[in-house]
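Each chain, written out:
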Amino acid sequence: MSLGALISGDRPRSRLLAAALIAILIGLALAPFLFPGTRSVDTAARVCVFIVLVASYDLMLGYGGIVSFAHTMFFGMGAYGVALASVHLGRGFDALALGSLAGALAAALLAALIGLFSLRVRAIFFAMITLAVASAVAVLVSQLSALTGGEDGLSYRIPRALTAAAKYADGKVLGVRINGKLVNYYLVFTVSLILFMVLLRIVNSPFGRVLQAIRENDFRAEAIGYRVVAYRTAATCLSAVAAALAGATYAIWLRYVGPATTLNFEIMVDILLMVVIGGMGTMYGAVIGATLFVVAQNYLQTLLAAAGAALAPVPALPLLFNPDRWLLWLGVLFVLSVYFFPTGIVGRLRQRQ
Amino acid sequence: MTDALLATEDLTVRFGGHVAVDHVTCAFRPGEITAIVGPNGAGKTTYFNLISGQIPASEGRVLLAGEDIGGLSVAARTHRGIGRAFQLTNLFPGLSVLENVRLVIQSRRGMGFSLFSMADSHRELREAAEAVLARVRLADQASQKVAELSHGDQRKLEVALLIALEPRVYMFDEPTAGMAVDEAPVVLELIAGLAQDTGRTVLLVEHKMDVIARLADRIIVLHNGALAADGAPDEVIASDVVQEAYLGRAVQHG
């Protein structure tokens, strides 16, 4: 298969962007070796999952022009699918597969229901419905604690082959233990890569072009023979399935699900920020946005601590660079990026050619 | 009239108390180019909207080859063979000129739900789209974004989208409005040829009398939403109702 087919003919159209994408791909592919340590590998896994999550949101928002606030709900459905299956069926690959499939199916059904019910009318109505349904589900999950573990969430066991207890080689290779945790990371990486490539293919397919046409002019799309409601609903379902699978992958990695890691509205806001920072309707924007954002989320505090220590002799400044101020700085970074790159980083890079 | 391709029977729409289209009964035969004339607000565009389905009728029927299509959605009517171009340019501005036409051909061939093939790998779609662009003389602008096209070229693309659809009923709403003087004849030539394919009919809302005289086999006049005259161009233009309702005004303005 040629490179063109792998990226579905969607060329980065900017050298700098191509270089950044390759760097991220290599960085993630070799993360356990390049950045050894639990925390950095955790961050890399989170980046992988969020790239898929943000890309699936971009399919809906950037390509279909559909605003939804229920994306974390679909993400959570996949994650809870894996958790519930692992809790009730016992640890095993069958539980992981079944949980992922069940979560994805449930997400697709709910997406279809919301879509058919509300995408006929104006877009704002759909956004409102998704907000209502997502809030209701979040409340339900925290209330039904017998089933979902409530606010505490669920911890469960995954197959031993995916945990640090499984050793596949004696000693270390390039300073890294070849154990189940490493296999687990590569499971996350591979699933994420495949899902991203599938999403990239979908937006570059005839279906993807119809979505763009609907975003540009739904009235005319209907008049040239496209049933707009059917296409919007299909896009919502596909996006929900991809989000659920991302959630399932994340649940396998974390061995824990809870409202804070999957369903929280804060994550929904994060997804929106990542799409906007990266560049809507570009897919590669999801890669850039998710990588920058997740890395910043994880390392801004460390960076600030270092800056604060370095500035210790100067009065007042260390207060500003206190690690607790990291959200403030994330906000500043966001405002700056939207101000300087209104079409996102990818949009800006492509303008430069 | 069993040989009618498209017919409307008592077609009516009311907006509140206002009757915008008033019991219009009319049949359109294949091979015919019918011009629809009337002063502004006579209901010409609304009549079009009722046929193509953008507005549901309050009363009456729309028959395509004898089948009542009045209950169908816009997209469903399009697939049955009702094709519509718009008075105000109505394109996909962020996409390329070629992509605009390609989308139409893709719709006609029912390929919209092809999820896992690359859109650009369907050579037959691209070639068909390029052929249509060549017909309206937009081949050189194929890769340009629609938003960057001149107004006249956008008007040509509007016509191209309808031609690409290859419907049974072509509905043009002032196709040459805003087009450069030397470009209008190209488009008119194209429209003249469309009705000659078997089993097609052309409906044309038009104000310019020279265009009507050149293209139309028949004229119908709408006045206050009702059918005021129907016949061969020379008869209708000469009739009192047209002189009074339509041409009289045009002369005063001119």
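S.K.: Even after reading the chapter, I still don't get empty space enclosed by the protein, so can you show me in this structure?
M.R.: If a probe as big as a water molecule is rolled over the atoms, it shows which places are left empty. Under the defined criterion, the tally for this structure stands at two cavities of 30 Å³ or more. As for the largest cavity, its lining consists of A:Gly65, A:Ile66, A:Leu119, A:Val121, A:Arg122, A:Ala123, A:Phe126 and A:Arg232. Taken together, the residues that form the lining of the largest cavity break down as five nonpolar, one polar and two charged. Roughly 30 Å³ of volume is contained in the second largest cavity. If you trace the second largest cavity, you find it lined by A:Ala223, B:Ser52, B:Gln54, B:Val74, B:Thr78, B:Ile82 and B:Arg84. If you list the elements that add at least two residues to the lining of the second largest cavity, you get α2 (74-80) and β6 (82-84) of chain B. The class makeup of the residues in the lining of the second largest cavity is three nonpolar, three polar and one charged.

S.K.: Teacher, can you tell me more about the packing of helix α5 (residues 71-89) of chain A against helix α12 (residues 228-254) of chain A here?
M.R.: Packed helix pairs are specified by the crossing angle of their axes together with the interaxial distance, meaning the distance between the axes. Residues and elements named next belong to chain A. Between α5 and α12, whose axes approach to 6 Å, the crossing angle comes to 45 degrees. Here α5 lies oblique to α12, going by the angle between them. Read as a crossing pair, α5 and α12 show a hand that is right-handed. For the pair α5 and α12, the contacting residues are His71, Phe74, Phe75, Gly78, Ala79 and Val82 in the first and Ser239, Ala240, Ala243, Ala244, Ala246, Gly247, Ala248, Tyr250, Ala251 and Ile252 in the second. Tallied by class, residues from the contact of α5 with α12 come to twelve nonpolar, four polar and no charged.

S.K.: Explanation requested: the side chain of B:Asp153 in the structure shown.
M.R.: All names here are of chain B. Tracing the chain through its elements places Asp153 in helix α5 (residues 151-165). With relative accessibility at 9%, the residue Asp153 sits in the buried group. The residues contacting Asp153, other than those within four sequence positions of it, are Leu138, Gln141 and Glu183.

S.K.: Got a minute to help me understand the interface of chain A and chain B in this structure?
M.R.: One widely used convention gives an interface's size as the accessible area the parts lose upon coming together. Between chain A and chain B, the residue contacts involve 31 residues of the former and 35 residues of the latter. In total, about 2700 Å² of surface goes out of reach between chain A and chain B, with carbon and sulfur atoms giving 63% of it. Between the two partners, chain A and chain B, sit three salt bridges. A salt bridge links A:Arg209 to B:Glu99, with the shortest nitrogen-to-oxygen separation between them at 2.6 Å. Across the chain A-chain B interface, the total number found is 21 residue pairs in polar contact (both at pLDDT 80 or more).

S.K.: Looking at this structure, I do not really get the domain arrangement of chain B. What am I missing?
M.R.: Residues and elements named next belong to chain B. Partitioning chain B into structural domains gives domain 1 (1-81 + 167-254) and domain 2 (93-166). The C-alpha-based centres of domain 1 and domain 2 are spaced at 26 Å. With 19 residues of domain 1 at the interface, the matching set in domain 2 holds 14 residues. Overall, the association of domain 1 and domain 2 removes approximately 1400 Å² of surface from exposure, summing both partners, and the carbon and sulfur fraction of that is 68%. Three residues, Pro167, Val186 and Leu190, lead the burial of domain 1 against domain 2; their summed loss comes to 32% of the area buried on that side. Across the domain 1-domain 2 interface, the total number found is one salt bridge. Notably, a salt bridge pairs Glu183 with Lys156, separated by 3.3 Å at the nearest N-O pair. Summed over the shared surface of domain 1 and domain 2, the number is four residue pairs in polar contact (both at pLDDT 80 or more). Secondary structure elements with two or more residues in the side of domain 1 that touches domain 2: α2, β7 (169-173) and α6 (184-194). Looking at side-chain class alone, the side of domain 1 that touches domain 2 contains eleven nonpolar, three polar and five charged residues.

S.K.: What's the story with the sheet that holds strand β1 (residues 6-15) of chain B in this structure? I'm lost.
M.R.: Strands belonging to one sheet form pairs held by backbone hydrogen bonds; the direction of such a pair is parallel or antiparallel. All names here are of chain B. The antiparallel open sheet is built from four strands, whose spatial order is β2-β1-β4-β5. Whereas interior strands pair on both sides, the edge strands pair on one side only; in this sheet they are β2 (18-28) and β5 (67-68). Along the sheet, helix α1 (residues 44-52) contacts β1, β2 and β4 (59-64); its crossing angle with β1, the most-contacted strand, is approximately 115 degrees.

S.K.: Can you walk me through the side chain of B:Ser107 in this structure?
M.R.: Assignment of secondary structure puts B:Ser107 in helix α3 (residues 97-108). On the basis of relative accessible area, B:Ser107 is assigned to the buried category, the value being 2%. If sequence neighbours within four positions are ignored, B:Ser107 has contacts with A:Ile224, A:Gly225, A:Tyr226 and B:His79.

Calculation rules
- Counting from 1, residues in each chain are numbered in the order their sequence is written.
- Labels follow written order: the first chain is A, the first ligand is 1, and so on.
- Only residues with pLDDT of at least 70 are given local features in this predicted model, and only at 80 or more are side-chain atom pairs given and counted; all residues enter the totals for whole chains, interfaces and linings.
- Excluded from the side-chain calculation are hydrogens and water; included are all heavy atoms of the structure.
- In this analysis, the protein atoms alone were mapped onto a 1 Å grid. Cavities are point sets where a 1.4 Å probe fits without being able to get out; pockets are open sets with protein on both sides within 12 Å along at least five of seven lines; lining residues have an atom within 4 Å of a point.
- Grid points are joined across faces, edges and corners, and a volume is the space filled by probe spheres set on the points.
- Each residue is assigned to one of three groups, with Ala, Val, Leu, Ile, Met, Phe, Trp, Tyr, Cys and Pro labelled nonpolar, Asp, Glu, Lys and Arg labelled charged, and all others, Gly among them, labelled polar.
- Helix and strand definitions follow DSSP, with helices as H or I runs of at least four residues and strands as E runs of at least two, each counted in order from the N terminus.
- Interaxial angles span 0 to 180 degrees and are taken between N-to-C directions of axes, which are lines fitted to C-alpha atoms, for helices over the stretch in contact.
- Each angle gets one of four labels, with under 35 degrees taken as roughly parallel, over 145 as roughly antiparallel, 65 to 115 as roughly perpendicular, and the rest as oblique.
- For a crossing to be left-handed, the near helix must be turned anticlockwise from the far one by less than a right angle; the clockwise case is right-handed.
- In what follows, a contact means two residues having at least one pair of non-hydrogen atoms within 4.5 Å.
- The rule is simple: take the accessible area with a 1.4 Å probe, protein chains only, and divide by the maximum for that residue type; under 20% is buried, over 50% is exposed, in between is partly exposed.
- In short, buried area is how much 1.4 Å probe accessible area vanishes from two parts on joining, totalled over both.
- In what follows, salt bridge is the name for a side-chain nitrogen of Lys or Arg lying within 4 Å of a carboxyl oxygen of Asp or Glu.
- Each polar contact in these results corresponds to two N or O atoms within 3.5 Å; when the atoms are within protein, one needs to be able to donate a hydrogen and the other to accept it, and residues that are neighboring in sequence are counted only if both atoms are side-chain atoms.
- Note that the domain bounds reflect an automated or database-derived domain assignment.
- In short, DSSP must find at least two bridges between two strands for them to pair.

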